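# Fold and geometry: a report
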Amino acid sequence: MRLQLSAEDQAFREEMRTFFTTQVPQWIRDSVINQEEPTKELMVESQRILNAAGLAVPAWPVEWGGRDWTQLQKHIWHEELQLAGVPEPLAFNASMVGPVIATFGSQEIKERFLPATANMDIWWSQGFSEPDAGSDLASLRTTAIKDGDHYVVNGQKTWTTLGQYGDWIFTLVRTNPEAAKRQQGISFLLIDMTTPGLTVRPIELIDGSVEVNEVFFDNVRVPVENLVGEENKGWDYAKFLLGNERVGIARVGSTKRVLAETKERAKELGVFEQFAERIVDLENQVLALDLTALRVAANSDKGRPDPVSSVLKIKGSVLTQAVSELAVDIEGPAAVADHLSLVYLNNRKTSIYGGSNEIQRTIIAGTILGL
Amino acid sequence: MDFTIDAEQKALVKAARDLISNVYDSSETRRAITKTEPGFAAWEQLAEMGLLSLPFEATAVETSLVAEELGKVIAPDPFVEAVVFAGGLAAAVGDEALSESIADGSTLAIVAWAEPGSRWSTTPSAVTFADGVLNGVKAPVVQAERADVLIVSAATAEGTRLFVVRDGYSVETVRSIDGSRSGTVTFTNTPAEPLGAGGDQAGVLNLALDRARIAYAHEALGSMQTCLETTVGYLKTRKQFGVTLNSFQALNFRAADMYVALELARSVITWATIVAADEGSTPEAVASAASQAALQVSVAGRHIGQDAVQLHGGIAMTAEYSVGHHLARLTAIEHVIGDGAFHRARLAAVVGEHGVLDPIG
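The shown structure was predicted, so the numbers you read here are calculated from the model rather than taken from an experiment. (Residues numbered from 1 in each chain as written. Chains lettered and ligands numbered in written order. Predicted model: local features only at pLDDT ≥ 70, side-chain atom pairs only at ≥ 80, totals over all residues. Heavy atoms only, no water.)

Let us now look at helix H4 (residues 71-83) of chain A. Compared with the 18 Å implied by 1.5 Å per residue over 13 residues, the 18 Å span of H4 of chain A between its first and last C-alpha is a close match. Of the residues one or two after H4 of chain A, Gly85 of chain A is the one with positive phi, at around 80 degrees. (Helix = DSSP H or I, 4+ residues; strand = E, 2+ residues; numbered from the N terminus. Expected span 1.5 Å × (residues − 1).)

And the structure:
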């Protein structure tokens, strides 16, 4: 056991910290630190800066822009990025569709999509959930029926985050409605969002933002070469994707930064003493999350998500929420019309998305405890 | 930052586990032992294996690993009190004779620091030293009656000082809730030798206590792990309504929450040991780490201990079953090392001094 990082990892940490705090423009970092809704321009510019330095998609295979880093180094990269207020590379590109294409796609589809995905030349949207398929994703009903060298897609997706910016959408579609098990008839299909018959309708959320959308497919014709991997194997790819999603979802660095800013705000308002013990409790829990993430990173086998990542998802989401709740309370009566209250409302999503915390408990009970 | 333990440490864990689980081979064995004096039975074997000398020749990592193994079966031997804490003080002041006799098991030393009504303050006021003798009352003092030597903190003209006392005091003993022994020690013109050389020793006492708190947290961690394992085992086998209890999601979710709490507590408590073992750590850093660990013991210990009892149902209320004893031990540990409110207040005094809390040294 050792308190310090190895000399190599310490140097790595310094390198990341220096890059993130000096090479990403201040206006981008300020926007993140102020918890504003990210604009498309901001996300694209930030990710291109990272990509040019080889820092956008470290988890990908090296030949497609990934880095041969240890799990611990990937953790340090992620934490330093969040601490500095650098926007995370768009999750749909960097941690969802990219790794799926890199792992299961043909050489042709990799060449066609991976460089553009890393560089945000394509903004990806996610087409998984449907009105009747939320936590029970395998009950999805959007169909893709082969017609010559095209699939004809019909149905509806929902909760498509930032779909208003999307150029392409990766979808789970039912290609074999007759399959014995409903998981077996699903495929992973890439769809150009400018294709005729595809429409995006925004959904206003409780914080007044338009962060998610419904996407409708009305006889949308998709070339068969846009299929990733094998037909009817999409469920396997989706499980792979969702496992990756959980790992990065704890947002430890970001929560640490917001808690530190909240402490400063409490001092500014002269209420620090009043909130000190609540801050202590939260800092104790954030410390526990931070150290657990470090422990998991150091112990993870390459490429296979540790089941303990469910712990990170549960606690990470709950702490994101608890810290924003604290920020609201510190504002006092002014909270009724404060931006931080909208952030608080928006953060209720964190225990719902990425596999709700109840789904994570099911995973822990089943996979880890054998119950 | 590295949480892994090396081959030698793994061997130490295995040896300690084998020894302890042999002496306390069941909850009933432990229960019987706590009912006869002095209430523990592995001491000679711990000494023979060399585990009592660990604080003098190894790091906080090794002592914590052993404490965690003791905690898994809630072994009642006063390893942390006598070896980590009292031994830690003897070593800190450079008393080689006392250190050696603690290390070989010939002397069982206990620190008498708490005073009635003073909560967890380490500043003595009830016990004073003047003209070569101690006067006043210390309580609670774990295993005071069995102790060969007491290390006593006392108010003196030069501040807080530590003294060694071998006899000339009276002890009133009661059984503690965890099956241990708790003494009220009265000093009446009791002759006492100073421990270590002159000057105020508050810093030495506080640092040794914080290091002991971290070792205690590992005992609690071992106990929490057993609580979860026992509960999970029970949910898989106990049948009601014709099915095993793990057919009920409400119960499984509570077990999942216990697991989350356990793993988070493990991270903080293990980190605290790493802080204590690091030569560059200041006493303030060790104090903060000890409070972070103790706060986890308070919150996670209550959660896991209480839910272990609840998820078992009535059987856990019986003295014949194990988890109730674990809840008692977890409750006792928390109130020896300082409860959640105490450690929150201690951390609140320094939480405004840093922005982001960085656990990496």
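From this point, the discussion proceeds with the structure in view.
On the surface, Glu108, Glu111, Asp149 and Glu225 of chain A cluster together into a negatively charged patch. Secondary-structure assignment places Glu111 of chain A in helix H6 (residues 107-118). (Patch = residues over 30% accessible without salt bridge, like charges linked within 9 Å, V, L, I, M, F, W, Y side chains within 5 Å. Areas by Shrake-Rupley, 256 points an atom, 1.4 Å probe, with all protein chains shown as cover. Salt bridge = Lys/Arg side-chain N within 4 Å of Asp/Glu carboxyl O. Lys, Arg positive; Asp, Glu negative; His and termini not counted. Charge placed at Lys NZ, Arg CZ, Asp CG, Glu CD.)

Once that is clear, we can look at the interface of chain A and chain B. Counting from both sides, the interface comprises 43 residues of chain A and, opposite them, 47 residues of chain B. Of the roughly 4,400 Å² buried at the junction of chain A and chain B (both faces included), carbon and sulfur atoms supply 67%. The largest per-residue losses of area from chain A upon contact with chain B belong to Met1, Leu3 and Leu371 of chain A, which jointly make up 20% of the total buried on that side. Taken together, the connections running from chain A to chain B amount to four salt bridges. As a salt-bridge pair, Arg344 of chain B and Asp281 of chain A come within 2.6 Å of each other at their nearest N and O atoms. Scanning the region where chain A abuts chain B turns up 19 residue pairs in polar contact (both at pLDDT 80 or more). Here the side of chain A that touches chain B takes 17 residues from helix H9 (residues 272-299) of chain A, the largest share from any one element. Class assignment for the residues of the side of chain A that touches chain B results in 23 nonpolar, six polar and 14 charged. (Contact = heavy atoms within 4.5 Å. Buried area = accessible area lost by both parts, 1.4 Å probe. Polar contact = N/O pair within 3.5 Å; in protein donor to acceptor, adjacent residues only side chain to side chain. Nonpolar A, V, L, I, M, F, W, Y, C, P; charged D, E, K, R; others polar.)

A few words on the domain arrangement of chain B. When the parts of a complex come together, some accessible area is lost, and that lost area is often taken as the interface size. Residue and element names in this part refer to chain B. Its domain assignment divides chain B into domain 1 (7-103), domain 2 (109-194) and domain 3 (202-353). Taking the mean C-alpha position of each, domain 2 and domain 3 sit 28 Å from one another. Buried area between domain 2 and domain 3, summed over both chains or domains, comes out near 1,100 Å², and the portion from carbon and sulfur atoms is 72%. If you sort the residues of domain 2 by the area they bury against domain 3, Trp120, Thr122 and Asp178 come out on top, with a joint share of 53%. Remark: the boundary between domain 2 and domain 3 carries one salt bridge. Salt-bridge contacts for Arg329 lead to Asp178; the nearest nitrogen and oxygen are separated by 2.7 Å. (Domains from an automatic or database assignment.)

Residue and element names in this part refer to chain B. Secondary-structure assignment places Ala290 in helix H10 (residues 283-312). Sequence separation between Ala290 and Ala208 is 82 residues; the distance between their C-alpha atoms is 11 Å. What Ala290 contacts, discounting residues up to four positions off in sequence, is Asp210, Arg213, Ile214 and Arg346.

For the structure shown, the criterion picks out 18 aromatic pairs over all chains. Between Trp124 of chain A and Trp168 of chain A the ring centres are 6.0 Å apart and the planes differ by 55 degrees, which places this aromatic pair in the tilted class. Placement of Trp124 of chain A in strand E1 (residues 124-127) and of Trp168 of chain A in strand E4 (residues 168-174) is noted, with a sequence separation of 44 residues between them. Residue Trp124 of chain A shares its accessibility class with Trp168 of chain A, and that shared class is buried. Ring plane angle 70 degrees and centroid distance 6.0 Å describe the contact between Phe241 of chain B and Phe248 of chain B, whose orientation is recorded as edge-to-face. According to the relative accessible area criterion, Phe241 of chain B is exposed, its value standing at 78%. Looking at Phe248 of chain B, the relative accessible area reads 30%, which means it is partly exposed. The rings of Phe113, Trp124, Phe128, Trp168, Phe170 and Phe188 of chain A are connected pair by pair, giving a single aromatic cluster. (Phe/Tyr/Trp six-rings, centres within 6.5 Å; stacked < 30°, edge-to-face > 60°. Buried < 20%, exposed > 50% of the residue type's maximum accessible area, 1.4 Å probe, protein only.)

This part takes up the pattern of salt bridges. When the charged atoms of two side chains lie near each other, side chains of opposite charge can form a pair. Residues and elements named next belong to chain A. Throughout the structure, instances matching the rule amount to 42 salt bridges over all chains. Residue Arg251 is joined to Glu88 by a salt bridge in which the shortest nitrogen-to-oxygen separation is 2.9 Å. Taken together, the positions of Arg251 in the loop between helix H7 (234-247) and helix H8 (252-268) and Glu88 in the loop between H4 and helix H5 (91-104) put the pair 163 residues apart, joining distant regions of the chain. Arg251 sits in the partly exposed class, given a relative accessible area of 29%. On the basis of relative accessible area, Glu88 is assigned to the partly exposed category, the value being 24%.

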